[in-house]
Structures are given as C-alpha cells and as structure tokens.
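Reading the structure
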Amino acid sequence: MDKSNKKYTYEEFLKIIEALRGENGCPWDKVQTHESLKPCMTEEAAELLASIRIYEQTGNPENMIEELGDVLLQVVMHAQIASEEGLFTMEDVVDEVSRKMVRRHPHVFGTGNADTPEEVLTNWEEIKKDEKKDKDWVESPLREIPQELPALTRAAKVLKKADKYYGYGSTYERDVESLQASVEALKACKPEAYSKELEKIIADMLIQLSDIARMGKISHEQALTDRIEDLIDQYEKRRFD
C-alpha cells in the first residue's frame, strides 16, 4: 500500500494502467477484454450508487472517492485495451465527450436559449436525435435503448419513446384496466408449476406497472428498492422484538 503523501496525476494514472497491461504487468489485467470487463462495470456502477447513498446518510465522501476511482478505472481499462487494438485512445474518449458537451449545451457555449431544466432536456433530445442520424448502430428509436438496462427501466424508456414516435397512446385508465385483466388471468394459473403463460402474465403486469410509474414520474427501480428496505426493516424488527 502506498502510504506516501504523493498526489498522483491523471496522466500518471494512465501510465499505471498501461503498465498493468504491459509485458511485465499483472497476469489478471493483461488477459482482460471489453467483454470480460462488462460485469466489472456493472458492479462498480452499483457500488458508486451505494457510495452516494452512504454519503447522504453519513456526510462522509471517502467511499464515493474510492468508487468514482473504480468507475474511472473501468473507463481507462477499456480505452487502454482499445488503444492496444488500434481502435482509439483515452484522449479520443475525452475529446469526444468534450465535443458532445459543447454541442448539446448551445445555451452555454453557443447562441441557443434554455432557461429551465425542461428546456435543456428538450434541446438535448433534439440535438441527440440529429446526431444519431445515419449511424449504423442505431436500428430504430426503440432498438436504440440498450438491452443491458435493468428491465423495468428499459420498459419505461421503450414506452415513453413509443408514445413519442409511434403514438402508443397509453393512458392511466387503460393500464389499470389491463392490469386488472392480468390479475384475473393470474388467478386462473397454477402457481406451483412454471408455465410460459404464467411468465407472460407476470411480464405484462410488470410492463403495465412500469407505464403507470412512468406517468406518475415515479422511479420504479427506486420505489422497489425503498420497499425492499422497508421489508427488511420489518423482518429485522420482528427478529429482535
């Protein structure tokens, strides 16, 4: 462990990652690929979110510093691998995100206007839509939403875009009616045995609930997380009562 008072720079950090991947580097780091690192990024992103919660609870930012560093490590590792493959460098990544921030904030760096957060988001989406034109990796507005997102989050995003681009036209009343129909269908199923029918009914209910949450501007992921915490508290309280 480095216990010196030395403050490493960003450039030195890039060199450290390059050394880890180098000929005399770490056996584990040297064999990693973009694909093998995917679970690491998922885990580190979750741990960063946890560190924000810890900061809100304790006021201590120490864990957030560590977890932000771990996310940065993943970014730099991917850039280093890409550099070795002759694809792009970390400098390209920094340049691209900088250009994007300038392009998508014309009210700051140009002559555009946006006086409210809502106007900023509207402009952002319009500029993003224009940028995505003719990109070969964008199949359609709905296919653009990553499969790798948590399913409930993806469902809400798909439904929102379906409203915007295809006139999906869902309403609260229609979703509630569909949910009631799903509940009736669920009653007819036998829960003790797996079936495709039961799976479909549950999936439909989750989509309907996602749409209702979207309309109510409720983060269903956060709502479920909070209720799980409540459930844990209830059981823990019973255990020690």
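No experiment lies behind these values; they were computed from the predicted model shown.

Regarding the side chain of Ser51
With respect to the secondary-structure elements, Ser51 resides in helix H3 (residues 38-58). On the basis of relative accessible area, Ser51 is assigned to the buried category, the value being 1%. At 2.6 Å, the side chain of Ser51 and the backbone oxygen of Leu48 are in polar contact. Each residue touching Ser51, except ones within four places of it in the same chain, is listed here: Asn63, Met64 and Glu67.

Side note on the nonpolar core
Formed by Phe13, Leu14, Ile17, Leu37, Val76, Met77, Ala79, Ile81 and Met90, the largest nonpolar core amounts to nine residues. Looking at this core, the element that brings in the most residues is helix H4 (residues 62-84), giving four residues. Sequence-distant contacts of Ala79, that is, excluding residues within four places in its chain, are made with Phe88, Thr89, Met90 and Val93. In this structure, Leu179, Cys189, Ile201 and Ile212 belong to the second largest nonpolar core, which totals six residues.

Remarks on the layout of surface pockets
If you add up the space inside the largest pocket, you get close to 1,400 Å³. Considering the residues around the largest pocket, the lining is formed by 32 residues, among which Glu125, Lys128, Leu149, Lys157 and Lys161 are closest to the centre. For the lining of the largest pocket, the secondary-structure elements that each account for two or more residues are helix H7 (117-131), helix H8 (151-166) and helix H10 (196-215). Residue composition of the lining of the largest pocket, by class: twelve nonpolar, six polar and 14 charged. Taken together, 14 residues line the second largest pocket, and the ones lying closest to its centre are Ala46, Leu49, Glu221, Gln222 and Thr225. Elements supplying a minimum of two residues to the lining of the second largest pocket: H3 and helix H11 (220-240). Counting residues per element, the lining of the second largest pocket draws most heavily on H3, at six residues. Classifying every residue of the lining of the second largest pocket by side-chain character gives six nonpolar, four polar and four charged.

The rules behind these values
- Residues numbered from 1 in each chain as written.
- Predicted model: local features only at pLDDT ≥ 70, side-chain atom pairs only at ≥ 80, totals over all residues.
- Heavy atoms only, no water.
- Helix = DSSP H or I, 4+ residues; strand = E, 2+ residues; numbered from the N terminus.
- Buried < 20%, exposed > 50% of the residue type's maximum accessible area, 1.4 Å probe, protein only.
- Polar contact = N/O pair within 3.5 Å; in protein donor to acceptor, adjacent residues only side chain to side chain.
- Contact = heavy atoms within 4.5 Å.
- Core = buried A, V, L, I, M, F, W, Y, C linked by side-chain atoms within 4.5 Å.
- 1 Å grid on protein atoms, 1.4 Å probe; cavity = no way out; pocket = protein on both sides within 12 Å on 5 of 7 lines; lining within 4 Å.
- Points joined across faces, edges and corners; volume = space filled by probe spheres on them.
- Nonpolar A, V, L, I, M, F, W, Y, C, P; charged D, E, K, R; others polar.

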